[in-house]
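This is what each chain is made of:
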Amino acid sequence: MNATPRNAAPIAIAGGGIGGLACALALARHGFQSIVLEQAAEFGEAGVGLQVAPNALSVLDALGVGEAAKKNALLIERLVMMDAVTGAEVVNIPCGRRFIERFGNPYAVAHRADIHGALLGACRAHDLIALRNDCRVLDFAVEEPGVSIALRQGECVAAQALVGADGIYSNVRKRILGDGDPVPVGAIIYRATIPADEMPKDLQHSYPMFWAGPGWHIIYYPVRDGTVFNLGGTVVTSQTWLNDAEDVPPHHVLPQFPGSCATPLRVLRIPKRFRRYVIRHREPVENWSAGPATLLGDAAHPMVQYIAQGAAMALEDAICLAGAVHEQDGDCAKAFQRYQDARIVRTARVQLSSLMMDRLNHAKGVERKVRNSLFEGRTPEEFYDRLAWLYTPLPYVK
Ligand SMILES: Cc1cc2nc3c(=O)[nH]c(=O)nc-3n(C[C@H](O)[C@H](O)[C@H](O)COP(=O)(O)OP(=O)(O)OC[C@H]3O[C@@H](n4cnc5c(N)ncnc54)[C@H](O)[C@@H]3O)c2cc1C
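Residues numbered from 1 in each chain as written. Predicted model: local features only at pLDDT ≥ 70, side-chain atom pairs only at ≥ 80, totals over all residues. Heavy atoms only, no water.

Before going further, it helps to spend a moment on the pattern of salt bridges. Inspection of every chain in the model, using the stated rule, returns 23 salt bridges. We note a salt bridge from R6 to D329, for which the minimum N-O separation is 3.0 Å. In this pair, R6 is assigned in the segment before strand 1 (11–14) and D329 in the loop between helix 9 (310–327) and helix 10 (332–361), connecting sequence segments 323 residues apart. For R6, a relative accessible area of 38% puts it in the partly exposed group. (Salt bridge = Lys/Arg side-chain N within 4 Å of Asp/Glu carboxyl O. Helix = DSSP H or I, 4+ residues; strand = E, 2+ residues; numbered from the N terminus. Buried < 20%, exposed > 50% of the residue type's maximum accessible area, 1.4 Å probe, protein only.)

Next comes the structure, spelled out in structure tokens:
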């Protein structure tokens, strides 16, 4: 591996999540050294399940970790939406050969740790990447010719530039944009895991089961060789005063899913405890960069999870940003502007599209019937045409 960096001082990356690690790896593959500053005591990924759409898999392939990421992932055979009121199938999109030919990759579901672990392994093996844990970034200042980054423990790190990949509560964003905390979107999610031996055989499927109910939806799918199922139940609510995350017992959860046929309730009755999260987001912005500092992933464009694209967008950001730094021969201020120009409309479209899914996923009454009629008789190719803008690999993913 070539250990002579093209940049004299490293590019600092705040946050070692999927976005931050992908950014470090993408930069290293172009010969640029970086230092990843992660606040946690260890590098790792919270949460269990992750849907990895073909556009995300194409980035992982381009970063050389596609095989490792897919090793323990389940390549799913279809995407479905079921009407939780009637039990009828609303959407059925085959994800087999024709899907793969169209988008260059399958659709996978995976354990978050497996995707993060594939990136982490590759970062650890690269001489141009330094990984530092226990390093919470508090703030930064532009100090020509680079940036000075203040860490929680009082240390200052000097770097050529700074990429804020520090998630939805980004401190780097506070300095660049100062636009306050992300706001509750008006929904909460109850998450749980179910061991496969507790999941009735007739409810086990080799693809995500998505039940759309009136004012709520649930989704569950197997991860880790089908040994465990990841379950998320989202409820539209005005209770934005709730704590951001807390454990809740099952008797609290079930009444939040009214008007349902029997099957989704059978799944919801299995977990012995749930963790409840308030879902937050931000509206798209027109700028997220300032000279040698920029944002990436949830720090730049946090979105609701309704089209399962947040991590995918962070991965695309990473490869786009590194490509821009390469093309600008290490001039980060110029490169960050190019990167932002290339990414802002796409990520805003995904943010807004995710929000619009709220209406489809949680429709009630006649709106529910309209939703179902919209999808009636749609062929796989017609679905693929509508998904092409999202799933087709972008020119800079190579
Ligand atoms: C319920 C739910 C389901 C989802 N499902 C999917 C899905 O199926 N598919 C998909 O593509 N996306 C999904 N997403 C979105 C996805 O999880 C995020 O978009 C993605 O993890 C963003 O990655 P990131 O690296 O930008 O941020 P994060 O994953 O949040 O990583 C940020 C990292 O920065 C660290 N950090 C934070 N602050 C600091 C600081 N000040 N200094 C240093 N380090 C810091 C954190 O510890 C963390 O390691 C889902 C989100 C939710 C809420």
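Buried together is how nonpolar side chains tend to be arranged in soluble globular proteins. In terms of nonpolar packing, the biggest core is built from 74 residues, with L119 and I149 touching the most fellow members. Every residue in contact with L119, bar those within four places of it in the chain, is listed here: I18, L21, A22, L25, L60, L63, V65 and L315. Judged by nonpolar contacts, the second largest core, of 60 residues, contains M82, Y190, L203 and F375. (Core = buried A, V, L, I, M, F, W, Y, C linked by side-chain atoms within 4.5 Å. Contact = heavy atoms within 4.5 Å.)

For the rest of this paragraph, the subject is the site of the ligand. In the neighbourhood of the ligand, 28 residues make up the surrounding shell, with G19, E38, Q51, V137 and D298 lying closest. In the model, an oxygen atom of the ligand is placed 2.8 Å from a nitrogen or oxygen of the Q51 main chain. Within the side chain of R112, one N or O atom sits 2.9 Å away from an oxygen atom of the ligand. Expressed as a share of its isolated accessible area of 1000 Å², the protein-covered part of the ligand is 84%. Looking at the shell around the ligand, the elements with two or more residues in it are helix 1 (18–29), strand 3 (49–52), strand 13 (183–195) and helix 9. Among the residues forming the shell around the ligand, the class breakdown is ten nonpolar, twelve polar and six charged. (Near = heavy atom within 4 Å. Polar contact = N/O pair within 3.5 Å; in protein donor to acceptor, adjacent residues only side chain to side chain. Areas by Shrake-Rupley, 256 points an atom, 1.4 Å probe, with all protein chains shown as cover. Nonpolar A, V, L, I, M, F, W, Y, C, P; charged D, E, K, R; others polar.)

A few words on unusual backbone geometry. Going from E144 to P145, the amide bond is cis rather than trans, its omega being 10 degrees. Structurally, P145 is set in the loop between strand 9 (137–143) and strand 10 (146–151). Here the phi dihedral of D225 falls at roughly 60 degrees; this positive angle occurs in a residue that is not glycine. Tracing the backbone through its elements, the reader meets D225 in the loop between strand 15 (216–223) and strand 16 (228–236).

Below, the discussion takes up helix 12 (residues 380–391). The end-to-end C-alpha distance of helix 12, which contains twelve residues, comes to just 14 Å, noticeably less than the 16 Å that a straight helix rising 1.5 Å per residue would cover. Those residues of helix 12 that fall on the buried side of the exposure criterion are F383, Y384, L387, A388, L390 and Y391. Along the axis of helix 12, the buried positions cluster into a sector of 155 degrees, meaning they face one direction only. (Expected span 1.5 Å × (residues − 1). Arc of directions from axis to C-beta.)

To continue, consider helix 2 (residues 54–62). Counting buried residues along helix 2, eight of its nine residues qualify, which places the element largely inside the surrounding structure. Within helix 2, burial applies to P54, N55, A56, L57, S58, V59, L60 and A62.

Pairing is mixed across the open sheet formed by eight strands, whose spatial order is 6-5-14-15-16-13-18-17. Each edge of the open sheet is held by one strand with a lone partner, namely strand 6 (89–94) and strand 17 (245–248). Within the sheet, the average angular offset between the axes of one strand and its neighbour, ignoring direction, is 20 degrees. Here strand 5 (residues 78–83) pairs with strand 14 (residues 209–213) via two bridges, running parallel. Residue M82 lies in a different strand from strand 14, and its bridge partner there is W211. (Pairing = 2+ DSSP bridges. Axes fitted to C-alpha atoms, helices over the stretch in contact; angles between N-to-C directions.)

If you walk through the whole model with that rule in mind, you get zero disulfides. Cysteine C156 remains unbridged, with the sulfur of C135 as its closest cysteine sulfur at 12 Å. (Disulfide = S-S within 2.5 Å.)

Turning to the packing of aromatic side chains, a few remarks are in order. All told, the structure shown has twelve aromatic pairs when counted by the stated rule. Their ring planes at 55 degrees and their centres at 6.2 Å tell us that Y220 and F229 sit as a pair that is tilted. Taken individually, Y220 and F229 each receive the classification buried, so the pair is uniform in this respect. Between R78 and the ring centre of Y207, over which it is positioned, the NZ or CZ distance is 6.0 Å. The side chain of R191 reaches across the aromatic face of Y277, ending 5.2 Å from its centre. (Phe/Tyr/Trp six-rings, centres within 6.5 Å; stacked < 30°, edge-to-face > 60°. Lys NZ or Arg CZ within 6 Å of the ring centre and 35° of its normal.)

Nonpolar side chains collect at one region of the surface, where V366, V370 and L374 lie side by side and expose about 280 Å² of accessible area between them. Within the fold, L374 resides in helix 11 (residues 365–375). (Patch = residues over 30% accessible without salt bridge, like charges linked within 9 Å, V, L, I, M, F, W, Y side chains within 5 Å.)

Keep in mind that these numbers describe shape and distance, not what the molecule does.
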